[in-house]
Amino acid sequence: MRGASRSKNTQDLDKRVCMTNCPTLIVTVGLPARGKTYISKKLTRYLNWIDVPTKEFNVGQYRRECVKIYKSFEFFRPDNEEGLKIRKQCALAALNDVRQFLTDEGGQVAVFDATNTTRERRETIIRFAEQNGFKVFFVESVCEDPDVIAENIVQVKLGSPDYTHCNTEEAVADFMKRIKCYENSYQPLDEELDRDLSFIKIIDVGRRYLVNRVQDHIQSRIVYYLMNIHITPRSIYLCRHGESDLNIKGRIGGDSGLSARGKEFAKALGQFIQSQNIRDLKVWTSQMKRTIQTAEALGVQYEQWKALNEIDAGVCEELMYEEIQQRYPLEFALRDQDKYRYRYPKGESYEDLVQRLEPVIMELERQENVLVICHQAVMRCLLAYFLDKTAEELPYLKCTLHTVLKLTPMAYGCKVESVCLNVDAVNTHRDRPSNVNVHRTAEDALQTVPPHF
Amino acid sequence: MDTFAKEFHRRTRCDSAASRPQFTNCPTMIVMVGLPARGKTYISKKLTRYLNWIGVPTQVFNLGQYRREVVQTYKNYEFFRPDNEEAMKIRRSCATNALKDIANYFTKEQGQVAVFDATNTTRERRGVIISFAKERGYKVFFIESVCDDLEIIEENIMQVKLSSPDYENYDKEEALVDFLKRIDCYKLSYVPLDEEKDRHLSFIKIFNVGSRYLVNHVQDHIQSRIVYYLMNIHVTPRSIYLSRHGESELNLLGRIGGDSGLSSQGLKYAKALAEFIRGQSIKDLKVWSSHMKRTIQTAEALGVPYEQWKALNEIDAGVCEEMMYEEIQATHPEEFALRDQDKYRYRYPKGESYEDLVHRLEPVIMELERQENVLVICHQAVMRCLLAYFLDKSADDLPYLKCPLHTVLKLTPLAYGCKVESFYLNIQAVNTHRDRPPNVNIARKTEEALQTVPEHQ
């Protein structure tokens, strides 16, 4: 891959810290409605964002494919032989797919999302992992708070395919009975009996954690992540700085101040934020003039993060796309070929940006209401994390000037509300042109460049 | 402020308080808990070193030291007997003095974290500390080390207790016997942190040197970082080798930064490094380089797998990249002077500061803590930052640490610190170390600015 400092001899494997020598199987443990699927999906999203190929395997989904229609909790009764047979088959089918993902498809982490509440079931999984050379890390969620469980059921169970034909009360009643089916045979991970296993026990949604035998880097990162996430309702506001002088000229990068319209946006942003009546809002900016000026207009305290600075375009800093095409037509084409991994000579790639932004994401997870005033490429990376976008999509996400995105975690994902503050600005979004060949004409290269002064 | 000073202020300070995310709003007291010889002082010192390195002003307050100042000579374990009223009085007053000093550190010395290193084994003592903190608005985070592995405890005693001032006049066996009796004095009244009774406290319980952790009620960012750090450190013996790339083409020309390849001397060094490494017979050595040609070429000569870290790239000198110091003085004389005034915080225009470098290197340090034997092939400024972490150097010393070309530093953790062995591999190289000149005034003459520039082609 072309880029300023990449040696031609090293393989892709060397380009980041080798997180795992062998693949890792993460196994969730816990009664229904303890947040296992929430954790599985969130963890999977995070690992994929930091470039660790991860996939989740939800046994409930396998069961739904097998048993087309869910009748009632009776399916889960411990004395329902037929039910047990089917459930065991589904677990094995899922494990088979896990094996395929980790061994044949280049996966590094598989998240096996099921109750796995008996020591016997966990033993089966451990044996499976040993046979295949996978490391195992258990993530157990223990919670006895009835309010949390009830809220959980409302948020994600009522909307489940299992309950499409039920009304709310029926669904809740049935689900509570379903949980009861597991309770008698539930053997939580034990610090004595399971002292040789690697696991984290999450107690009461993160109030307390028991961490046992972390084996390697990826498990350490997973533990750190799990200990930083929370489920307190909050919103994250993402926006770019107001339009800058360089934006108007169609120039990338640099460290210019706000244009007149940009200053208007900053004021409008201040008004918008006030109208939202956000509790304890934290405001973050980068260390570049344009985000700082934008934040200043809000009249509240803000923190500057160097990590939020715009992508460094190296030799292309402050150039117009037309100039990049003129001086570096080859680089320009290479970037269009692989915008995520392409690194500007003496600059950065989106891939580098994601690495740089990881501590920002970690702190965003810890925080509650935050407004992040940043830049186009940076905002694309953050958005890709919250909306689970791939590396291919990430560099083309639309993050227009003078528009605020309000992200609110909801069920297993994120609700996005887009608020345009009605202050005109140039468009800085350049789509991938149809022709990315290094021999293309200048016109082909500049086909998608947005208009500017 | 005039425009020039404003620009300096903006570039180098970046509204210092806001230039980095606030780790703590109010000061934090970290309170150690545990029987003697459970690694409390080891953890206290290591954690303090780490927090200071990442820019959080931290200090250790070791109760044993207060006691040694009051009771000039240590006789024997009887001092620690629970029925020794006289001693109890002294020990309580030492604790009070330590707490006073902590308050002083927070209010008068801008400290952010204080590590109270003592056994704190009774709920009563911990209660006193909690009240003290509550009155003043300090957060409290407990770190308890629990260990019942006799081998570990004895190794501990051998490594750090026998050489303690307390045991200057003892021979080894006597010291061991006395210390074990000392531990017994605490055992009866020891009330460990309890997940039920102490569920409102914030703490981490470390079992058997890290095989298990219980983490309760982490309140904020700094506590979360502390927990992450504690969960990554280990005490397995190992060595860390630090070296720069072999001499580069730009080094020869006296030019900074850039991405040039090795000079012929540099290539010789790479081969010599390979021989040296083989000679050391290191178990499972990991080799890391940056993404720049010169470290990669150096690593290649070793003939073993190596990992590239972009985070290990040399400091970005921005507009000064690939310039000679003479050129920097000619084209950017004020910048050159400003850098000499505050080399740690100074950020090259469109480049980085040492302070930025430390932030960038934090994940490298974290992974170094997790690993065992590692050879890091990096660059001058980067190596200074890493060395400052291991040798607990201040921000003022850091940018002037001597890291010459063609010299390998072998760091081996020992007791509470780090043993350093320096190996010059006998391959000639230019000197790239520029000391702080006596005159750092913006109005200084060119000769004064260039006084300490090392020779080059």
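Residues numbered from 1 in each chain as written. Chains lettered and ligands numbered in written order. Predicted model: local features only at pLDDT ≥ 70, side-chain atom pairs only at ≥ 80, totals over all residues. Heavy atoms only, no water.

- In the nomenclature of an unreviewed UniProt entry, chain B corresponds to 6-phosphofructo-2-kinase/fructose-2, 6-bisphosphatase isoform X2 from the organism Carassius auratus.
- The record held by UniProt for chain B lists under Function (unreviewed entry) the comment "Synthesis and degradation of fructose 2,6-bisphosphate."
- Per UniProt, chain B carries the Subunit (unreviewed entry) text "Homodimer." (UniProt positions renumbered as here; feature names shortened; annotations may be inferred.)

- In the nomenclature of an unreviewed UniProt entry, chain A corresponds to 6-phosphofructo-2-kinase/fructose-2, 6-bisphosphatase 4a isoform X3 from the organism Carassius auratus.
- On record in UniProt, under Sequence similarities (unreviewed entry), the comment for chain A is "In the C-terminal section; belongs to the phosphoglycerate mutase family."

**Side note on the overall build of chain B**
Here is step 1: In terms of helices and strands, chain B carries 16 helices and twelve strands.
Here is step 2: Here the C-alpha atoms of chain B give a radius of gyration of 25 Å, agreeing with the 23 Å that 2.2 N^0.38 yields for 457 residues.
Here is step 3: Once the C-alpha set of chain B is aligned to its principal axes, its extents read approximately 75 × 60 × 40 Å.
Here is step 4: Each of the 457 residues in chain B was classed as buried or not, and the buried ones make up 58%.
Here is step 5: Sequence-distant contacts, at least 24 apart, represent 70% of the contacts inside chain B between residues at least 6 apart.
Here is step 6: Taken as a whole, chain B presents about 19,900 Å² of accessible surface, with 51% of it coming from carbon and sulfur.
Here is step 7: Between the centroid of the 62 positive side chains of chain B and the centroid of its 63 negative side chains there is a distance of 2 Å. (Helix = DSSP H or I, 4+ residues; strand = E, 2+ residues; numbered from the N terminus. Rg over C-alpha atoms; globule rule 2.2 N^0.38 Å. Buried < 20%, exposed > 50% of the residue type's maximum accessible area, 1.4 Å probe, protein only. Contact = heavy atoms within 4.5 Å. Areas by Shrake-Rupley, 256 points an atom, 1.4 Å probe, with all protein chains shown as cover. Lys, Arg positive; Asp, Glu negative; His and termini not counted. Charge placed at Lys NZ, Arg CZ, Asp CG, Glu CD.)

**Observations regarding the sheet that holds strand β10 (residues 370-374) of chain A**
Here is step 1: Strand order in this open sheet of six strands is β9-β8-β10-β7-β11-β12 (chain A), and the pairing throughout is mixed. The open sheet terminates on both sides in strands that have one partner only, identified here as β9 (303-304) and β12 (413-420) of chain A. (Pairing = 2+ DSSP bridges.)

**Comments concerning the UniProt feature "active site" (unreviewed entry) in chain B**
Residue and element names in this part refer to chain B.
Here is step 1: In the UniProt entry, the feature "active site" (unreviewed entry) is given for H245 and E314. Of the residues just listed, which span 70 residues, no C-alpha pair is farther apart than 10.7 Å, and they cluster in one region.
Here is step 2: Checked against the element boundaries, H245 lands in the loop between β7 (240-244) and α9 (249-252).
Here is step 3: A residue is classified by how much of its surface remains accessible, and H245, at 2% relative accessible area, is buried.
Here is step 4: Not counting residues up to four positions away in its chain, the partners in contact with H245 are N251, Y269, R294, T295, T298, I377, C378, H379 and L405.
Here is step 5: Structurally, the position occupied by E314 is in the loop between β9 (307-308) and α12 (325-331).
Here is step 6: The exposure class of E314 is buried, given its relative accessible area of 13%.

**A short note on the UniProt feature "binding site: substrate" (unreviewed entry) in chain B**
Residues and elements named next belong to chain B.
Here is step 1: When the UniProt feature table is mapped to this numbering, "binding site: substrate" (unreviewed entry) covers R244, H245, G246, E247, S248, E249, L250, N251 and R294. Across 51 residues in sequence, these annotated residues keep their C-alpha atoms within 14.1 Å of one another, forming a single compact spot.
Here is step 2: Along the chain, the position of G246 falls in the loop between β7 and α9.
Here is step 3: Exposure remark for G246: the relative accessible area of 0% places this residue in the buried category.
Here is step 4: Contacts of G246, omitting those with residues within four sequence positions, involve N251, L262, G266, Y269, R294, T298, L405 and H406.

**Quick notes on the environment of A:P450**
Here is step 1: With respect to the helices and strands, A:P450 occurs in the segment after α15 (442-446).
Here is step 2: Separated by 78 residues in the primary sequence, A:P450 and A:V372 place their C-alpha atoms 25 Å from one another.

**Comments concerning the UniProt feature "active site" (unreviewed entry) in chain A**
All names here are of chain A.
Here is step 1: Mapped onto this structure's residue numbering, the UniProt feature "active site" (unreviewed entry) falls at H241 and E310.
Here is step 2: Within the secondary structure layout, H241 lies in the loop between β7 (236-240) and α8 (245-248).
Here is step 3: H241 sits in the buried class, given a relative accessible area of 2%.
Here is step 4: Within the local environment of H241, its side chain forms a polar contact with the side chain of R290, the two groups lying 3.4 Å apart.
Here is step 5: By secondary structure assignment, the location of E310 is in the loop between β9 and α11 (321-327).
Here is step 6: Residue classification places E310 among the buried residues on the basis of a relative accessible area of 13%. (Polar contact = N/O pair within 3.5 Å; in protein donor to acceptor, adjacent residues only side chain to side chain.)

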